[in-house]
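Summary of the model geometry
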Amino acid sequence: MIEKFKNFIALNEENEPLKIEIVGETYCDKSFNIERENSDLNALEFIIDGTGILDIENQHLIPEKNDVFFLKKGSFHKYKSDSKEPWHKFWIVFNGDFAESLIKCYLPENVYLFKNCNAVKRYFEEMVETTRKNMPYAVMVNKITISLMHIFIYIRNRVIMDNEDLSDVIRKQLDESVESAFNLDNLCKGINYSKNYVIHVFKNKYGVTPYQYFLDKKIEAAKTYLTHTNLSVGNIASTLHYADQQYFSSSFKKATGYSPLEYRRKTRRD
C-alpha cells in the first residue's frame, strides 16, 4: 500500500471553526481494512479507481470509481478495499463547528455514499495539491475550505436532483435560464442525459418540447417587462437574449397577436 498524506492536527487551534486534520491520497492493497467504533473524525473520501465495501450504521455499501463516501463522527464503521480491484482514493479528515454545520445543512441524514460524483474529483485534487505547497497553515485552511464547500454544494445539489423527477429538473433549469440563449446540448450535458431522452420525458409531462417551453417562458417574461416596467422594446429584447429587436417583435406578435407596443398600451389601459 502507498499512502501520501499531510497531518495538521498539531496546528489546529481550539477556536477554529473548521479544523483540517489530515489530507491524503492512498493506493490501497488487499490488506487495507479499517474499523472504528464511535469514530472521533469526520471524513470525505473520493474513489479515483477500484472498489470495496463500507459498513456504517447498519448499512452495507459498495463505494467504487467516482463515488464519494462520508464517515461520520460518532459512527461505527468498517471499510476495506477489494483484493482484486483495490481503491485508489483521495480523502480528507476535518472537524470543528463549521464542519458540523456543513454536514447538517448539506448532507442528507443517514446517507453515507454518493454515487457518480466525478465532477468533484478536481476539488479533492485541489485540496491534496494545496497541502503539498509551502504556505502558511491559515492560508492553506482557507483554500481547502473553498474546495470543501464546492464538494458539499455539489453533493447537496446532486441529491436534490436525484430525488426530483427529471422533467421537473429540466423545467427548473429552463426557468432559471429564461434571460439566456437556449442551448439544449449544454442542458443535456449538465444533467448527463441524451437529447432525445430529454425531449421525450419533458414532452411526455408538459406536452411541449423543452425549446417550445423555453420560448413560451420568454414571452411571459416579456409581457411582465412590458406591463410593469418602462424598459424600451430594444432593451427588453436584449435582456431576454433575442438576436435583435425585430426578431423579438415578430416572435412576440406571433405568440400573442400583438406587437410589443400594442400589448403595452393594451395592458396599461386595461
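Criteria and thresholds
Residues numbered from 1 in each chain as written. Predicted model: local features only at pLDDT ≥ 70, side-chain atom pairs only at ≥ 80, totals over all residues. Heavy atoms only, no water. Helix = DSSP H or I, 4+ residues; strand = E, 2+ residues; numbered from the N terminus. Contact = heavy atoms within 4.5 Å. Axes fitted to C-alpha atoms, helices over the stretch in contact; angles between N-to-C directions. Parallel < 35°, antiparallel > 145°, perpendicular 65-115°, else oblique. Nonpolar A, V, L, I, M, F, W, Y, C, P; charged D, E, K, R; others polar. Core = buried A, V, L, I, M, F, W, Y, C linked by side-chain atoms within 4.5 Å. Buried < 20%, exposed > 50% of the residue type's maximum accessible area, 1.4 Å probe, protein only. Pairing = 2+ DSSP bridges. Salt bridge = Lys/Arg side-chain N within 4 Å of Asp/Glu carboxyl O. Phe/Tyr/Trp six-rings, centres within 6.5 Å; stacked < 30°, edge-to-face > 60°. Lys NZ or Arg CZ within 6 Å of the ring centre and 35° of its normal. 1 Å grid on protein atoms, 1.4 Å probe; cavity = no way out; pocket = protein on both sides within 12 Å on 5 of 7 lines; lining within 4 Å. Points joined across faces, edges and corners; volume = space filled by probe spheres on them.

This part is about the environment of Glu100. Considering the arrangement of structural elements, one finds Glu100 in helix α1 (residues 97–106). For the pair Glu100 and Pro17, spaced 83 residues apart in sequence, the C-alpha separation works out to 9.4 Å. Excluding its chain neighbours within four sequence positions, the residues that come into contact with Glu100 are Asn42, Lys73 and Asn95.

Another point: the packing of helix α2 (residues 121–131) against helix α3 (residues 137–163). For any two helices packed against each other, one specifies the crossing angle of their axes together with the interaxial distance. Two elements in contact, α2 and α3, have axes whose closest approach is 9 Å; the angle formed by their N-to-C orientations is 170 degrees. Considering their axes alone, α2 and α3 lie roughly antiparallel with respect to each other. Facing α2, whose interface residues are Tyr123, Phe124, Glu126, Met127, Thr130 and Thr131, α3 presents Met140, Lys143, Ile144, Ser147, Leu148, His150 and Ile151. For the contact of α2 with α3, the residue count by class is 7 nonpolar, 4 polar and 2 charged.

With 49 residues, the main nonpolar core has Ile20, Leu44, Ile92, Phe94 and Phe124 as its most contacted residues. Broken down by element, this core gets its largest block of residues, 9 residues, from α3. Excluding residues within four positions of it along the chain, Ile92 makes contact with Ile20, Ile22, Val23, Asn42, Ala43, Leu44, Phe124, Met127, Ile144 and Leu148. Counting 14 residues, the second-largest nonpolar core is a separate cluster that includes Tyr225, Ile236, Tyr242 and Phe248.

If you trace the 6 strands from one edge of the open sheet to the other, you get β1-β2-β9-β4-β7-β10, paired in antiparallel fashion. Two strands in the sheet have a free side with no partner beyond their single neighbour: β1 (2–7) and β10 (113–114). Of the strand pairs in this sheet, strand β2 (residues 19–27) and strand β9 (residues 88–95) are connected by 8 bridges, and their pairing is antiparallel. Counted as the bridge partner of Ile22 is Val93 from β9.

With that out of the way, let us pick up the pattern of salt bridges. In this structure the tally under the stated criterion is 10 salt bridges. We note a salt bridge from Arg132 to Glu25, for which the minimum N-O separation is 3.2 Å. Taken together, the residues span a long stretch of sequence, with Arg132 in the loop between α2 and α3 and Glu25 in strand β2 at a distance of 107 residues. Residue Glu25 is classed as buried on the basis of its relative accessible area of 8%. Across the salt bridge formed by Lys195 and Asp185, the nearest N and O atoms sit 2.9 Å from each other. Separated by 10 residues along the polypeptide, Lys195 in helix α6 (residues 195–206) and Asp185 in helix α5 (residues 184–191) bring together distant segments of the chain. Take Lys195: its relative accessible area is 37%, and that puts it in the partly exposed class. Look at Asp185 and you get partly exposed, because its relative accessible area is 47%. Through salt bridges with shared partners, a single ionic network connects Glu64, Asp67 and Lys115.

According to the stated counting rule, one finds 20 aromatic pairs in the structure shown. A centroid spacing of 4.8 Å and a plane angle of 35 degrees characterise the contact between Phe202 and Tyr206, whose relative ring orientation is tilted. One end of the pair, Phe202, and the other, Tyr206, are both in helix α6, 4 residues apart, so they sit about a helical turn from each other. For Tyr206, a relative accessible area of 28% gives the class partly exposed. One aromatic cluster in this structure is built from Tyr242, Tyr247, Phe248, Phe252 and Tyr263. Over the ring of Tyr242 we find Lys218; its NZ or CZ atom is 5.7 Å from the centre of that ring.

This brings us to the layout of surface pockets. Taken as a whole, the largest pocket spans an internal volume of roughly 310 Å³. For the largest pocket, the full set of lining residues is Asn116, Tyr154, Arg158, Met161, Asp162, Glu164, Leu166, Lys189, Gly190, Ile191, Asn192 and Tyr193. Among the secondary structure elements, those contributing two or more residues to the lining of the largest pocket are α3 and α5. Considering every element that reaches the lining of the largest pocket, the biggest residue donor is α3, with 4 residues. The class makeup of the residues in the lining of the largest pocket is 5 nonpolar, 3 polar and 4 charged. Each pocket or cavity is described by its volume, and for the second largest pocket that value is around 230 Å³. In terms of lining residues, the second largest pocket is bounded by 17 residues, among which Ile22, Arg36, Leu41, Trp91 and Val93 are the most central.

Now for the sheet that holds strand β3 (residues 33–36). Strand pairing in a sheet is mediated by backbone hydrogen bonds. Such pairs are either parallel or antiparallel. Across the sheet, which stays open at both edges, the 4 strands sit in the order β3-β8-β5-β6 with antiparallel pairing between neighbours. Each of the sheet's edge strands pairs with one partner strand only, and the pair in question is β3 and β6 (59–61). Averaged over all pairs of adjacent strands, the angle between their axes in this sheet comes to 5 degrees, without regard to strand direction. In this sheet, strand β8 (residues 77–81) lies alongside β3 in antiparallel orientation, the contact comprising 4 bridges. Along β8, the bridge assignment pairs Glu35 with Lys78.

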